[in-house]
Amino acid sequence: MVTAFVMIQTATDSIPECAQQISEIEGISEVYSVAGDWDLIAIARVRRHDDLATVIPNELSKVPGVRATQTHIAFRAYSSHDLEAAFSLGLDD
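If you look the protein up in an unreviewed UniProt entry, it shows as AsnC family transcriptional regulator from Glutamicibacter creatinolyticus.

What follows covers the overall build of the protein. In terms of helices and strands, the protein carries three helices and four strands. Along its sequence from the N terminus, the protein presents helices and strands in the succession β-α-β-β-α-β-α. A burial count over the protein gives 30% of its 93 residues as buried. Within the protein, residue pairs in contact and separated by at least 24 positions form 68% of the contacts whose partners lie at least 6 positions apart.

Right, let's get into the sheet that holds strand E2 (residues 28-33). As summarised here, the arrangement of the four strands in space is E2-E3-E1-E4, forming an open sheet in which the pairing is antiparallel. Of all the strands in the sheet, the pair left with one neighbour each is E2 and strand E4 (66-73). Taken over all neighbouring pairs, the strand axes of this sheet differ in orientation by 20° on average, direction set aside. Across seven bridges, the pairing between strand E1 (residues 2-10) and strand E3 (residues 40-46) is antiparallel. When the bridges of E3 are listed, Ile8 appears paired with Leu40.

This part takes up the nonpolar core. Counting residues in each nonpolar core, the largest one holds 19 residues, and the members touching the most others are Ile8, Ile22, Ile28, Ala42, Leu52 and Leu60. Put simply, the parts of the chain that give this core at least two residues each are E1, helix H1 (15-23), E3 and helix H2 (49-55). With residues up to four places along the chain from it excluded, the contact list for Ile28 reads Ile22, Ser23, Ala42, Ile43, Ala44, Val55 and Leu60.

Conventions adopted
- Residues numbered from 1 in each chain as written.
- Predicted model: local features only at pLDDT ≥ 70, side-chain atom pairs only at ≥ 80, totals over all residues.
- Heavy atoms only, no water.
- Helix = DSSP H or I, 4+ residues; strand = E, 2+ residues; numbered from the N terminus.
- Buried < 20%, exposed > 50% of the residue type's maximum accessible area, 1.4 Å probe, protein only.
- Contact = heavy atoms within 4.5 Å.
- Pairing = 2+ DSSP bridges.
- Axes fitted to C-alpha atoms, helices over the stretch in contact; angles between N-to-C directions.
- Core = buried A, V, L, I, M, F, W, Y, C linked by side-chain atoms within 4.5 Å.

Next comes the structure, spelled out in structure tokens:
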């Protein structure tokens, strides 16, 4: 599974509509409205890197109101839950 984080700038008056349309794209698992330089962040989860070419430039970028995107591809996922589980292997309570 390939995970990518897509930062999205939209027309100011169309943030909710853009978020809704983007969330309906196959391969987009979540969309967040955020503060800062970007209006939305979408999380894309696809089977192959090539699938990102369909999801992001061919679909997401063509949603009316989307002005700019920047994509970051994840290499590895870390979470405190995973780290706790790894450190507790072999320990008895």
